[in-house]
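# Structural characterization, general
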Amino acid sequence: MQGRVTLASVGMLLAIGVMVWAGGVSADQPPPAYYLALGDSVAAGQGASGPDRFGYVGLFRRSFQADHQGKERFANLAVPGESSATFLGGQMARALETINDPDTNIQVVTLTLGANDLLPPIITEPCTSDPEDVACQLAVTTALTTFAGSYLAILVQLDIALAQDLGEGRILVTTYYDPFDGTGDPREVPVDAALLGNDGAVDCAANLRDPVKVGLNDIIVCVGGLVGAEIVDVYPLFNDAAPALTHIAEGDIHPNDDGHQAIADAVIAAYDGG
């Protein structure tokens, strides 16, 4: 997997070199600080009683707003159901347009992306019947490999664009939780394996030696770190607590208000500590 990611990074760096924007703004009156949220349904606030207000992005925005005396600007471009492939097909362009706008001063970007790359093989046969089936394992590995290349492409493009922007340009990326953690559901173990690999932990050094140890969160952490993104690991927050922090009891994997608050607290702590 590491070899594929490296090849993808080289190709993408060459392909997006022409996309660098070299605009400028008035030094006398810089635009206000800007927070840009990107990603999927979790970033869009799905599962919260009021997505814009009680989703993790909205909660983090209020903290960011307070830090800037209410003079900040904000956009949430997250799309429910977004995968890395669809992100590159649409949300990426909107994100770059926002960053490259001379009237924006991007201070921070949050990104929650990847679950919809992993869900299709997990929720279909043969994985639903037998997660240990060879065909299932191949499908998951293929999905993760494809995601790794796409995720690197996304972060590289964001990083290059932010380097040309007036603001600090920090990127905070979140990992994913297991919505079955603590439920006793038989899907808990295979979902954990898909998130963390068969070693049950994020370990970038081990990933180089043994691809079967790679899970979705490994890719987010290791690729994110490679590009210089700051990692917000939400997986431990849901350990044995998914019934209290998600709507899984109703068959919905999304965080509830408490779950979104837990993610927001972690994002705020990472931002404040950066």
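Quick caveat: nothing in here was measured; it's all calculated off a predicted structure.

## Regarding the state of the cysteines
The bond known as a disulfide is covalent and runs between the sulfur atoms of two cysteines. In the structure shown here, the tally under the stated rule is two disulfides. Note on cysteine connectivity: cysteine 127 is disulfide-linked to cysteine 136, with sulfurs 1.9 Å apart. Taking the sign of the S-S torsion, about 110° here, the bridge from cysteine 127 to cysteine 136 comes out right-handed. A relative accessible area of 7% means that cysteine 127 is categorised as buried. Across a sulfur-sulfur distance of 2.0 Å, cysteine 204 and cysteine 222 are joined as a disulfide pair. On the sign convention where negative is left-handed, the bridge of cysteine 204 and cysteine 222, at about -100° about the S-S bond, is left-handed. You can see cysteine 204 sitting in helix H9 (residues 204–209) and its partner cysteine 222 sitting in helix H10 (residues 216–227), a full 18 residues away along the chain.

## Observations regarding the pattern of salt bridges
Side chains that differ in charge, positive against negative, can pair when their charged atoms come close. Inspection of every chain in the model, using the stated rule, returns three salt bridges. The partner of arginine 187 in a salt bridge is aspartate 185, with the nearest N and O atoms 2.9 Å apart. A relative accessible area of 47% means that arginine 187 is categorised as partly exposed. Note on aspartate 185: relative accessible area 21%, which makes it partly exposed.

Reading guide: rules and limits
- Residues numbered from 1 in each chain as written.
- Predicted model: local features only at pLDDT ≥ 70, side-chain atom pairs only at ≥ 80, totals over all residues.
- Heavy atoms only, no water.
- Disulfide = S-S within 2.5 Å.
- Buried < 20%, exposed > 50% of the residue type's maximum accessible area, 1.4 Å probe, protein only.
- Helix = DSSP H or I, 4+ residues; strand = E, 2+ residues; numbered from the N terminus.
- Salt bridge = Lys/Arg side-chain N within 4 Å of Asp/Glu carboxyl O.

Bear in mind that shape data such as this cannot, by itself, settle questions of function.
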